[in-house]
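Fold and contact review
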Amino acid sequence: MLRFAPSPTGDMHIGNLRVALFNYIVSKQKNEDLIVRIEDTDKERNIEGKDQEILDILALFGIEYSQVIYQSQNVRFHTAMALQLVQEKKAFACFCSPQWLEKKRAQAKENKIAYRYDDACAELPAELVIDNTNPFTIRIKKPQEPIVVKDHIKGEISFAPDDIDSFIIMRQDKTPTYNFACAVDDMLSDVSIVIRGEDHMSNTPKQDHIRNALGYEKKVEYAHLPIILNNEGKKMSKRDDASSVKWLLEEGFLPSAISNYLILIGNKPPCEVFTLEESIEWFELTKISKSPVRFDIDMLRHINNEHLKNLDSKELSRYVGFADDEIGQLAKIYLEEASTTKELKAKIKPIFEEKNIPDEFQEQALLMASTIKSAPYFEEYNDFKNYLMKESGLKGKNFFKPLRILLTGAEHGPDIAEIYKHLKNYIGEIVK
RNA sequence: GGCCCCAUCGUCUAGCGGUUAGGAUCCAUGGUUUUCAUCCAUGUUACCGGAGUUCGAGUCUCCGUGGGGUCACCA
């Protein structure tokens, strides 16, 4: 079993999508189910409808999963297991107040030493606990021995007990913390391998420790993906437009191209342009680079352009807002100067709109327009051109510029002979 | 600051002790084109530094340096 575990607290991030993609690929390779677990234990930060948005994006990208579970539905298990740990004295009630802990943290920071919980409540006598009416959290006792994490990408990494710390597993309001819920749920779902972002690296020994304490013997495998950096070399955040899958989609990047790019970076694929399904054939987690990768929109554009070229013309036509094959074929030609569907639309749409004629060609354009309007239908561009030249008497730049502007609404563009093939049936519509 | 990870062109990477250090992208130039672009050709640009091991180090070891991640009763 594999799992993708997003929290419904914001827009789907490309790093997240990448994690989903890798989980999907590996689940296919291992022939194991992939489940989606919505991590909604923080009621304050949950955003209504984000869960569905995430699911919609997964569908759009062709990421299939066997079921969706909501972490909040598992709290009774979390509670029961926390209780078990307390009874076994592997966890304890901690009465330290948030304010007190915050003060300790500030002190540690001031003294430039790492903050660690001092285990003040770890060995409280039972009567002190029973009589205490103050609110408390539950903390798990830190491990005795270092915990070694085996990661398919990072290799073996050891964490000292002090760095794992006696951390909180249940809050004062009796809800589980992330690490606890996550560790328990992965166990309950019988997850075999966890593929997630590198930012979870330091959570791993904690979650491992929880399962050990619970007596779970199966070793969960891990793979931590290097994070994606922005142009400044920092982790991509909400501030970076390109970090949002929604934004990328709106900019006119194809889902297939986005996944292609996300699988390509920090990887050594046998080829550069491929589909998600193709990548299942050769994908290997161990080939993923250990170092973070920079997001390069130029590369994405290049990949997107290639995917656009591979689309059949009918489909391409729909992406540009039309329905017929002919416009799709026209769009194909424009692919030589556009890399996203948004750019493509910006090229195609003006063709059917009223044209803005620059002052210097005003006169010629007027003459050209009336010549075109009275011209018969020509199958071949050459005949069309010769007729117009003869009738208008225009030539050279004075002929081609107005013609191009009248036909396409742009001063530059693809070879007119090429686009005429797809425009000839619409001439009446185009030149009004 | 503690812990963890990382280090080849601007970017993504090939390399696995002996190479003119290769490819893609980006950029520049030339050719093709009525135009922009495409396409083709060409070109600029990289082994973070220092010690060691070795006949020989981008490749192995150590130490620096640099970059990133993470240190919540968030996930």
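Residues numbered from 1 in each chain as written. Chains lettered and ligands numbered in written order. Predicted model: local features only at pLDDT ≥ 70, side-chain atom pairs only at ≥ 80, totals over all residues. Heavy atoms only, no water.

Burial within helix 8 (residues 204–213) is extensive, with nine of its 10 residues counted as buried. All of the buried residues in helix 8 are T204, P205, K206, Q207, D208, H209, I210, R211 and A213. Looking one or two residues past helix 8, G215 carries a phi angle of roughly 80°, positive in sign. (Buried < 20%, exposed > 50% of the residue type's maximum accessible area, 1.4 Å probe, protein only. Helix = DSSP H or I, 4+ residues; strand = E, 2+ residues; numbered from the N terminus.)

Once that is clear, we can look at the protein's contact with RNA strand B. Neighbouring RNA strand B are 54 residues; R171, K234, G266, K268 and E336 lie closest to it. For RNA strand B, the backbone makes up 68% of the atoms found within 4 Å of the protein, where backbone means sugar plus phosphate. In the model, a base nitrogen of RNA strand B is placed 2.7 Å from a nitrogen or oxygen of the R404 side chain. Only helix 4 (98–110), strand 7 (155–159), strand 12 (293–294), helix 12 (297–310) and helix 18 (397–408) provide two or more residues apiece to the surface near RNA strand B. Sort the elements by how many residues they give to the surface near RNA strand B and helix 12 lands first, with three residues. Residues belonging to the surface near RNA strand B are distributed by class as follows: 13 nonpolar, 18 polar and 23 charged. (Near = heavy atom within 4 Å. Polar contact = N/O pair within 3.5 Å; in protein donor to acceptor, adjacent residues only side chain to side chain. Nonpolar A, V, L, I, M, F, W, Y, C, P; charged D, E, K, R; others polar.)

Our focus in this paragraph is the domain arrangement of chain A. If you check the domain split of chain A, you get domain 1 (229–310), domain 2 (311–351) and domain 3 (354–430). Centre-to-centre separation of domain 1 and domain 2, based on C-alpha positions: 23 Å. In this assembly, 13 residues from domain 1 lie in contact with 12 residues from domain 2. Buried area between domain 1 and domain 2, summed over both chains or domains, comes out near 1000 Å², and the portion from carbon and sulfur atoms is 50%. In this structure, the connection of domain 1 to domain 2 is made through two salt bridges. In this structure, the connection of domain 1 to domain 2 is made through 11 residue pairs in polar contact (both at pLDDT 80 or more). (Domains from an automatic or database assignment. Contact = heavy atoms within 4.5 Å. Buried area = accessible area lost by both parts, 1.4 Å probe. Salt bridge = Lys/Arg side-chain N within 4 Å of Asp/Glu carboxyl O.)

Counting 85 residues, the largest nonpolar core has L17 and L403 as the members making the most contacts within it. The element that contributes the greatest number of residues to this core is helix 1 (residues 14–30), accounting for nine residues. Every residue in contact with L403, bar those within four places of it in the chain, is listed here: M368, I372, Y381, F384, L388 and I416. Formed by 26 residues, the second largest nonpolar core is a distinct cluster that contains M81, F167, I169 and V220. (Core = buried A, V, L, I, M, F, W, Y, C linked by side-chain atoms within 4.5 Å.)

All chains considered together, the criterion is met by 31 salt bridges. K424 is the partner of E379 in a salt bridge, and the nearest nitrogen-oxygen pair spans 2.8 Å. You can see E379 sitting in the loop between helix 16 (362–374) and helix 17 (381–392) and its partner K424 sitting in the loop between helix 19 (416–423) and helix 20 (427–430), a full 45 residues away along the chain. On the basis of relative accessibility, which here comes to 46%, the residue E379 falls in the partly exposed class. The class of K424 is buried, set by a relative accessible area of 15%. Counted as one network, the salt bridges with shared partners bring together R3, R37, E39, D185 and D186.

Here we take up helix 17. Helix length check: helix 17 (12 residues) gives 16 Å between terminal C-alpha atoms against 16 Å at 1.5 Å per residue, within 8%. Every buried residue belonging to helix 17 is among Y381, F384, K385, L388 and S392, and all of these are buried. Buried residues of helix 17 fall within an arc of 95° about the axis and therefore sit on the same side. Contact partners of the buried residues in helix 17: helix 16, helix 18, helix 19 and helix 20. Positive phi shows up at G393, right after helix 17, with a value of about 75°. (Expected span 1.5 Å × (residues − 1). Arc of directions from axis to C-beta.)

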